[in-house]
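Architecture and fold: a report
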Amino acid sequence: MKLFRRREVEQSAALALLVGGIVGPAASAVTQRDAPYAIAAGVAAAALAFAVLSRRWLRRYWLLRGEADPRVRALLEARVGSYRRLDAEQKLEFERNVRCFLAEHTIAGPKQKEVSFETKVLVAASAAVLLFGREDLDFPAQIDIVVYPEAFTEEYEVKRKGEILGQAHAQGPVILSERALVDGFARQGDGQNVGIHEFAHMLDLQGARFDGTPAGMDGHAARSWASLVHREIARIAKHKSILRQYGATNEAEFFAVASEGFFERPAAMKEKHPDLYRALSEFYGQDPAG
Ligand SMILES: [Zn+2]
């Protein structure tokens, strides 16, 4: 994700000036006060409009000017394989992505129970792995993350033997099992990472539905993606795929499972599924096997 979008800030500034230009004279006409009043009202309205329109970018700007928490880097280095394979400059960029995600999203247990800093960093890292290569992708700030200590059931009962490790809701939070999240990063290479899986679903969200063709995949790429998905789902069904069986459930699960495979087992995917690897590499703007 792009952390500071100059163009959007400039557009906001232009719009804010327009607002100020309308509000100033209008306020002075309504109150029948003189020119200095019109100027003051216009400036105040423009400043307010600018602050509201660019608040996300301004907040990030100030956040990143501040000191980074050294624990973030230490945790990424120790726990996140996708981070370790980056060069020094890319690592800095990845850390900035993580810091912004931590600042913008609520990450807590059920009933707002506090979760460990380590867990928060792994949640943010899951999102950062996906967004890292795409300047134009971002998760809306209103996405909250609820972390359950263990797996859970359809009734949201937390149970070690619960069958659900994570869930992405179109209107609501992303739910993750903390145990599965930690395991996902500890066992790099098994093709399973619940954080990557659920955030991939969020990228796939179009309006209120998940259809397996992520937002940001354009017309031609989307059409060839759809036919590729059907071929790859058939391979999973015939046990001729490196992707796990769950990926054959439907197109949306395929995209989430294939994303896990792409980041967790890039070399194997590139060798056994070169077309799929190429398509995901283009979509994510990354070449983890390279
Ligand atoms: Zn899923």
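Residues numbered from 1 in each chain as written. Predicted model: local features only at pLDDT ≥ 70, side-chain atom pairs only at ≥ 80, totals over all residues.

Right, let's get into the sheet that holds strand β2 (residues 145–148). Spatially, four strands are ordered β1-β2-β4-β3 in an open sheet, and the strand pairing comes out mixed. A strand with exactly one partner marks an edge of an open sheet, and here the two such strands are β1 (107–108) and β3 (166–168). The pairing of β2 with strand β4 (residues 174–177) spans four bridges and is classified as parallel. Directly across from Ile-145, in β4, lies its bridge partner Val-174. Against the sheet, helix α7 (residues 117–131) contacts β1, β2 and β4, and its axis sits at roughly 125° relative to β2. (Pairing = 2+ DSSP bridges. Helix = DSSP H or I, 4+ residues; strand = E, 2+ residues; numbered from the N terminus. Contact = placed C-beta atoms within 7 Å. Axes fitted to C-alpha atoms, helices over the stretch in contact; angles between N-to-C directions.)

Parsing the protein into structural domains produces domain 1 (6–65) and domain 2 (70–284). Computed over C-alpha atoms only, the centres of domain 1 and domain 2 are separated by 39 Å. Residue-level contacts link four residues of domain 1 with five residues of domain 2. (Domains from an automatic or database assignment.)

Moving on, we get to the pairing of β4. Of the two faces of β4, both are covered, the one formed by Val-174 and Leu-176 as well as the one formed by Ile-175 and Ser-177. Bridge analysis of β3 against β4 gives three bridges, and the strand direction is antiparallel. By the bridge assignment for β4, Gln-167 is matched with Ile-175. Following β3, the chain reverses through five residues before pairing antiparallel with β4. (Buried ≥ 20, exposed ≤ 12 C-beta atoms within 10 Å, placed from the backbone.)

With that settled, consider unusual backbone geometry. Excluding glycine, most residues fall at negative phi; most peptide bonds, likewise, are trans. Phi at Tyr-156 takes a positive value of approximately 60°, unusual for a residue other than glycine. Mapped onto the fold, Tyr-156 is located in the loop between β2 and β3. Phi is positive for His-239, which is not a glycine, with a value near 60°. Note on His-239: 7 C-beta atoms within 10 Å, which makes it exposed.

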